[in-house]
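Here's the letter readout for the chains.
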Amino acid sequence: MKIEEIIKSTIALDTAKKVILNFMYTHNVIGDKFHEILKPYDISREQYNVLRILRGQKGHPVNMFVIQERMLSKSSNTTRLIDKLLLKEYVTREVCPENRRKIEVSITQKGLDILAELDPIVVEHEHFFANNLTSEELEKLNILLEKYRGK
């Protein structure tokens, strides 16, 4: 369905505006579906992102700056996210022995277990949307999105 139909626009939209509206609408569709997946596990998309970042450290602790730097949503309050994950016992937080001003965060086994449970569900979610395109179209879409962002 065209974006004009979705938003019930009665005026012609310029192409640049349609692209932005399509991005925003698609982001919301994908995000809403992802939220439904995470809801039974009582974690947010941002908390999930933090857990994925920590799992990628392969057992090595990482400081808050590195987590913030790797977040998909740079505006996330990393300290608040870590606090919530601490309460759920998905992460640990310790003061760095070499620099007491630096806080190091690690994923716990409980955090790894929740990710292991979510992994196949998330892969299914990714494929649900990807199945609408061929592999070549997916490659081209990635190239175009990176180009569009100017990166």
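Located above this text is the structure these notes cover.
Residues numbered from 1 in each chain as written. Predicted model: local features only at pLDDT ≥ 70, side-chain atom pairs only at ≥ 80, totals over all residues. Heavy atoms only, no water.

The way to describe two aromatic rings as a pair is by their centre distance and the angle between their planes. Within the structure shown, the criterion is met by 3 aromatic pairs. With centroids separated by 4.9 Å and ring planes inclined at 55°, the aromatic side chains of Phe 23 and Tyr 148 adopt a geometry described as tilted. Within this pair, whereas Phe 23 is found in helix H2 (residues 15-38), its partner Tyr 148 is found in helix H7 (residues 135-149), the two being separated by 125 residues in sequence. Tyr 148 gets classed as partly exposed once you look at its relative accessible area, which sits at 42%. Both rings, one in Phe 34 and one in Tyr 48, keep their centres 5.3 Å apart while their planes meet at 75°; by these two values the pair is edge-to-face. Note that Phe 34 is positioned in helix H2 and Tyr 48 in helix H3 (residues 45-55), a separation of 14 residues in sequence. Each member of the pair, Phe 34 together with Tyr 48, is buried. (Phe/Tyr/Trp six-rings, centres within 6.5 Å; stacked < 30°, edge-to-face > 60°. Helix = DSSP H or I, 4+ residues; strand = E, 2+ residues; numbered from the N terminus. Buried < 20%, exposed > 50% of the residue type's maximum accessible area, 1.4 Å probe, protein only.)

The next thing to look at is helix H5 (residues 78-87). Those residues of H5 lying buried are Thr 78, Leu 81, Ile 82 and Leu 85. Along the axis of H5, the buried positions cluster into a sector of 95°, meaning they face one direction only. Against H3, helix H4 (64-70), strand E2 (91-95) and strand E3 (103-107) lie the buried residues of H5. Capping of H5 at its N-terminal end is provided by Asn 77; its side-chain oxygen lies 3.3 Å from the backbone amide nitrogen of Thr 79. (Arc of directions from axis to C-beta. Contact = heavy atoms within 4.5 Å. Polar contact = N/O pair within 3.5 Å; in protein donor to acceptor, adjacent residues only side chain to side chain.)

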